[in-house]
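If you want the building blocks of each chain, they are given just below.
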Amino acid sequence: MNDHNDLPDLPSEPDHDPVPDHMPPMPAMPAGVQAQPIPGQRCGLVAIVGKPNVGKSTLMNALVGQKISITSRKAQTTRHRITGIRTVADAEGPGGTQFVFVDTPGFQTRHANALNRSLNKTVLGAVADVDLILFVVEAGRFTSADAKVLGLLDRNIPVLLIANKLDTVLRRADLAPWLQQMQREHGGEAQDRFAEFVPMSAKNAKDIERLFAICAKYLPEQNWWYDAEELTDRSEKFLAGETVREKLFRLTGDELPYTSTVVVDKFEEEPPQKKGHKRLVKIAATIVVERDGHKAMVIGDKGERIKRIGMETRQELEKLMDAKVFIELWVKVRSGWADDEARVKSFGYE
Ligand SMILES: Nc1nc2c(ncn2[C@@H]2O[C@H](COP(=O)(O)OP(=O)(O)OP(=O)(O)O)[C@@H](O)[C@H]2O)c(=O)[nH]1
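This is a predicted model, so every value here is computed, not measured.

Of the regular secondary structure elements, the chain holds 9 helices and 9 strands. Counting all 350 residues of the chain, 31% fall into the buried class. By sequence separation, contacts in the chain at least 24 residues apart represent 74% of the contacts at least 6 residues apart.

Quick look at the sheet that holds strand β8 (residues 280-289) now. Strand order in the open sheet formed by 3 strands is β7-β8-β9, with mixed pairing between adjacent strands. Of all strands in the sheet, those bounded by a partner on one side alone are β7 (261-270) and β9 (324-333). Neighbour-to-neighbour, the strand axes of the sheet open up by a mean angle of 15°, direction not taken into account. Here β8 runs beside β9; their pairing, made up of 10 bridges, is parallel. Of the residues in β9, the one forming a bridge with I283 is I327. Contacts from helix α7 (residues 292-299) reach β8 and β9, with the element oriented near 155° to β9. Contacts between helix α8 (residues 304-321) and the sheet are confined to β8 and β9, with β9 contributing the most and set at about 140° to the helix.

In this section: the confidence of the model for the chain. Taken over all residues, the pLDDT of the chain has a mean of 76, while the share at 70 or more is 69%. pLDDT under 50 marks residues 1-33. Its contacts with residues more than four places away, or in other chains, come to 55 contacts. Note on residues 67-79: pLDDT is under 50 here. Beyond four places in sequence and across chains, it has 30 contacts. On the interface metric, ipTM, the complex scores 0.97, and its pTM is 0.61.

With that settled, consider the pairing of β8. A regular strand carries its side chains on alternate faces of the sheet. Sheet topology places β7 next to β8; 9 bridges connect them, and they run antiparallel. Bridging across to β8, V264 finds its partner in A285.

The next point concerns the site of the ligand. In the vicinity of the ligand, 16 residues are found, and the nearest of them are P52, G55, K56, S57 and T58. If you tally residues by element for the shell around the ligand, the top one is helix α1 (residues 56-64), at 3 residues.

Let's shift gears to unusual backbone geometry. Phi is positive for K165, close to 60°, though the residue is something other than glycine. Take K165: there are 21 C-beta atoms within 10 Å of it, and that puts it in the buried class. With a phi angle near 50°, D322 is a residue other than glycine that sits in the positive phi range. You can call D322 exposed: it has 11 C-beta atoms within 10 Å.

Formed by 46 residues in total, the largest nonpolar core has its most connected members in V46, L132, I133, F135, L160 and L161. If you list the elements that add at least two residues to this core, you get β1 (41-49), α1, β3 (96-102), β4 (132-138), α3 (144-152), β5 (159-164), β6 (196-199) and α5 (205-216). Among all residues touching F135, those that are not within four sequence positions of it are V49, G50, L150, V159, L160, L161 and I162. Counting 18 residues, the second largest nonpolar core, distinct from the first, contains A240, V281, M321 and I327.

Counting buried positions over the 7 residues of β4 gives 7, a clear majority of the element. On β4, burial covers both faces: L132, L134, V136 and E138 on one face and I133, F135 and V137 on the other are all buried. When β1 meets β4, the two strands line up parallel, connected through 4 bridges. Its bridge partner lying in β4, V49 is registered against F135. Each parallel crossover has a hand, and for β4 linked through α3 to β5 it is right-handed.

For P257, the position within the fold is in the loop between α6 (233-252) and β7. Spatially, the C-alpha atoms of P257 and V289 are 8.6 Å apart, while their sequence positions differ by 32 residues.

This paragraph deals with the environment of A89. By secondary structure assignment, the location of A89 is in strand β2 (residues 82-89). For A89, a count of 15 C-beta atoms within 10 Å puts it in the partly exposed group. Sequence separation of A89 and R42 is 47 residues, and the distance between their C-alpha atoms is 9.9 Å. Once residues within four sequence positions are removed from consideration, A89 is found in contact with G96 and A228.

The rules behind these values
Numbers given to residues run from 1 along each chain, matching the order in which its sequence is written. In view of the model being predicted, local features appear only for residues whose pLDDT reaches at least 70, and side-chain atom pairs are presented and counted only at 80 or more, with totals across whole chains, interfaces and linings using the full set of residues. The numbering of helices and of strands both runs from the N terminus, where a helix is a DSSP run of H or I of at least 4 residues and a strand a run of E of at least 2. Using C-beta atoms placed from the backbone, we call a residue buried if 20 or more other C-beta atoms fall within 10 Å of its own, exposed if 12 or fewer do, and partly exposed for counts in between. We call two residues in contact when their backbone-placed C-beta atoms lie within 7 Å. Only strands joined by at least two bridges in the DSSP assignment are considered to pair. What counts as an axis is a line fitted to C-alpha atoms, over the stretch in contact for a helix, and the angles between N-to-C directions run from 0 to 180 degrees. Think of pLDDT as the predictor's per-residue confidence, scored from 0 to 100. Placing the C-beta atom from the backbone, one calls a residue near a molecule or strand if that atom lies within 6 Å of it. Here, a nonpolar core denotes buried Ala, Val, Leu, Ile, Met, Phe, Trp, Tyr and Cys residues that are linked to one another through C-beta atoms within 7 Å. Assignment of crossover handedness uses the view with strands pointing away from the viewer, where a clockwise path from the first strand over the helix to the second indicates a right-handed crossover.

Here's what the structure looks like:
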């Protein structure tokens, strides 16, 4: 039984395998080398979904513990954008659980036009092979928009119903009939749609700790993909490169082949000049492409595109790193780099 907060007896276990197989976004070892399994370690992907304004971002920030997001390192991984990693290590021994949270662009349920359909497809792609979905609604409310979002999710992935904003429900006893009603309304085929019901508040630290404990068992037993200490200076540098890469591919559409990459040549920090000022981060990065035509594509008409890539990268990094950022971008042509092992290594790929 999983009656969190002494709520009524509700379905507790999914009737399907809660540990679907999937490829980790960033292999910890070069291909062909099998890592020794570390006893007691669990690791997996968690997506947070729900209609607008139910508290997804608040929950994500509380779970990740800091407002910084990093993206997956593997060049061809566009499938998952890693928003944050939280490692809850065991007090003793090497065990514990690493939660890798993936970003899901918001679901659109109001207008069924082609753009929204395509957006929803993107979201579905992002949650297709996660290990666990946190489906967020406002406690005591389940609207048709919530039902639509739920209807889009893969039935083979365990879903927890996060009844958020519990603090706004004045009498907790009022929630029990609502949960029972939900169970009735999602009866029949959908009866065991939710693996567990978790009434909580994303703003309550104890609820967040409790949620980690609830989620852990749904993640597969496997070695952590990332270091337990989430972000180091090196990660900020890495994040800078990934942000350039993301803007590059977003602003060139499908035109630019994936054999283009980004190398961060310089990442320097200067402390704040005055009290109350932010530190300064100076970044220089090179976009490496295979052909002159690709270079022209990246630069754009009168340099417009590369300017935009730089500007959007700067804006995003300033937010993520809470710093003032200067960024210089260069484009170089290096034919065949993707086939040149030494070069691939020098660009930071294993
Ligand atoms: N009282 C209360 N308010 C909350 C809680 N969680 C989130 N909120 C508030 O609800 C509002 C929406 O929260 P967001 O985290 O932005 O919601 P979201 O689902 O990410 O919204 P979109 O970005 O529009 O999809 C904000 O004003 C939050 O402060 C909670 O547990 N209790």
